[in-house]
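Here is what each chain is made of, one letter per residue.
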Amino acid sequence: MTSRSRMEQTITTTTTTSNSNTGSDNNNKRKKHDDNNNNTPVTIDTSKMNLVHASDPNAIMAYKHQNVLDHLEKYYGKDHMNAIRKAQVRPPTFTTIRVNTSKCDRPHLLNQLRPYFESIQFKLQDNNIIPFSNLVKEDTNETIQSITNQTILLKNHGPFNPQPKYKQVVVGVLCAEAVLRGSDIFAPGIIGSFKHIVEGDMVSVFVDLSQDGKRGFIIDGYYAERTVFVGNGVSLMNRLDYYSTRGGVGIKMTERIWDCPPLNGVLTDKLFLQHLPSILTVFQMDLLPSQREKRSFNILDMCAAPGGKTTLIASLVKNNGLGDKITAIDKNKKKAKMVSDLCRVNGFDENGLVTVRAGDSKKLLIEGVFKEESFDRILLDGPCSGLGTRPRFDEATLLIDLDNSACLQRVLIDAAVKLLAPGGILVYSTCTINPCENEENVKYLLDNYGSFMQLVPQTGHIGDPGLPGILPENLSPLVQRFDPSTNHETIGFFISKFKKTASSQSK
Ligand SMILES: C[S@@+](CC[C@H](N)C(=O)[O-])C[C@H]1O[C@@H](n2cnc3c(N)ncnc32)[C@H](O)[C@@H]1O
């Protein structure tokens, strides 16, 4: 790491009144631990820092590799890509809570959440709770009703404009992104800080964009690397405890850029934080009673971990009395266990409803794990370049990664098409804005299997049509492309839905 800190920067202690959020307990501890009146703001000449403020409307996500940006601009154009990159430094418009309807219903969950929100002083106004049905133009039907009953969309507020004025703390990139989505700071996310920080001190939080800070480093002066300011908070620990094994919340955020509710670890068996496009993906599988035959379905989730979509599939079919069986596969053993654990916490491990396997979905047929055409519904939410996630400051993906993702997805698509029974539905989705993994892969599927795989319309369609010029004009409106810069300002995401109109066995 280069000049991490600089002594020539003067930090003056002023007599400004301290932030009142810290409480008397903390004040006592502060006096005990530190003679220097640590909650008085410090004057930091931020003009000397390589600093972006997360609330700056001109803040833009940086691509570390120009050829990746060039590739995307070839499809989107420069202006559109700039709009996407500016949107991506912000969290989505909504925090989306999926209700675990096998444990409670939407009104019940909201009633349980209200006292929690009050306890953390999060203002939950009824007009900030948006029903999904408000976002769709279609007439209310069973699917829209079901999505509405299973989601709580909370409008996020911001940006607010707190200023960095306290002792500096530097956190990891993932931690900073979570902070912008409403999380407090868990000690393992803290990378470095001023030397004298004790429990109760106010701190200003910056992100370690260079990602090479040695954990525990001391800022002597000011943080000199390229960084983003993500808000102010109160330290709940002494500095050294950040790096001990104690864990827990190290910094409670008191002044945020975005007012998103912190929900990690809250009512974990009753709610699941899931992006809206992910929820809509599962609803394309036609699993509701009015959308399907009245017989037992074999359902395959080919790339399941951590299990967000598997558990939604399970909640949709659990009580239908038809005896559906879900097989959830993930290549990574540890991740497959995460799926099992999530199913267990949510009560979906009973009666053989979900079987989780660690394995390679490309090889299911070759290895004779399943027979051809043995699944009525398949979800392929495969590995992708992830270029749609937000908030995000830097993107380090290489051009070769984009190629590799698209190639792997095509092999998985080949397998999915063979495993799908005639009359069955395949849903293919990604969380990337890379057209090669989205529209181009839909084109690949139709070019190779178009004689028996048909692209079909989606329900609860709130996304944009496909990018022009890749799919035929009449098919583009059938896919849902979620563009961070347009429409509902979700994460970047892509959903396509296919029906198998005839057997592929003789082809
Ligand atoms: C985008 S994530 C899936 C997210 C998941 N559907 C959810 O909603 O929680 C992609 C997953 O695919 C898994 N994966 C990658 N290659 C695979 C393969 N060949 N077979 C099965 N799983 C694979 C990865 O381990 C990763 O967990």
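These numbers were taken from a predicted model, which means no experiment stands behind them. (Residues numbered from 1 in each chain as written. Predicted model: local features only at pLDDT ≥ 70, side-chain atom pairs only at ≥ 80, totals over all residues. Heavy atoms only, no water.)

**Quick notes on the domain arrangement of the protein**
- Entries for the protein in the domain assignment read domain 1 (11–44 + 162–256) and domain 2 (276–500).
- Computed from C-alpha coordinates alone, the two centres of domain 1 and domain 2 are separated by 41 Å.
- Listed by partner, the interface residues are 9 residues for domain 1 and 5 residues for domain 2.
- Summed over both partners, the interface of domain 1 with domain 2 buries about 580 Å², with 66% contributed by carbon and sulfur atoms.
- Here domain 1 is connected to domain 2 by 1 salt bridge.
- The closest approach of N and O atoms between D394 and R226, which form a salt bridge, is 2.6 Å.
- Taken together, domain 1 and domain 2 are joined by 1 residue pair in polar contact (both at pLDDT 80 or more).
- The element contributing the most residues to the side of domain 1 that touches domain 2 is helix α6 (residues 173–180), with 3 residues.
- Class assignment of the residues belonging to the side of domain 1 that touches domain 2 gives a composition of 6 nonpolar, no polar and 3 charged. (Domains from an automatic or database assignment. Contact = heavy atoms within 4.5 Å. Buried area = accessible area lost by both parts, 1.4 Å probe. Salt bridge = Lys/Arg side-chain N within 4 Å of Asp/Glu carboxyl O. Polar contact = N/O pair within 3.5 Å; in protein donor to acceptor, adjacent residues only side chain to side chain. Helix = DSSP H or I, 4+ residues; strand = E, 2+ residues; numbered from the N terminus. Nonpolar A, V, L, I, M, F, W, Y, C, P; charged D, E, K, R; others polar.)

**Notes on the side chain of S204**
- Within the secondary structure, S204 is located in strand β11 (residues 202–207).
- Judged by relative accessible area, S204 falls into the buried class, the value being 0%.
- Within the structure, S204 has its side chain in polar contact with the backbone nitrogen of K165 (distance 3.0 Å).
- Here N232 takes part through its side chain, which lies 2.6 Å from a polar atom of the side chain of S204.
- In this structure S204 touches P164, K165, Y166, K167, Q168, V169, F229, G231 and N232, once residues within four positions along its chain are discounted. (Buried < 20%, exposed > 50% of the residue type's maximum accessible area, 1.4 Å probe, protein only.)

**A closer look at the environment of F348**
- Within the secondary structure, F348 sits in the loop between α10 (333–345) and β18 (354–358).
- With a relative accessible area of 1%, F348 lands in the buried category.
- For the pair formed by F348 and Q121, sequence separation is 227 residues and the distance between their alpha carbons is 34 Å.
- Filtering out sequence-adjacent residues up to four positions away, F348 remains in contact with N100, S102, T311, A314, S315, K318, C343, L353 and V354.

**Brief notes about the sheet that holds strand β5 (residues 94–99)**
- Spatial strand order, β6-β7-β5-β15: 4 strands in an open sheet with antiparallel pairing. Single-partner strands in this sheet number two, and they are β6 (129–130) and β15 (271–273).
- One ladder, built from 3 bridges, connects β5 with β15; its direction is antiparallel. The residue of β15 that forms the bridge with V99 is L271. (Pairing = 2+ DSSP bridges.)

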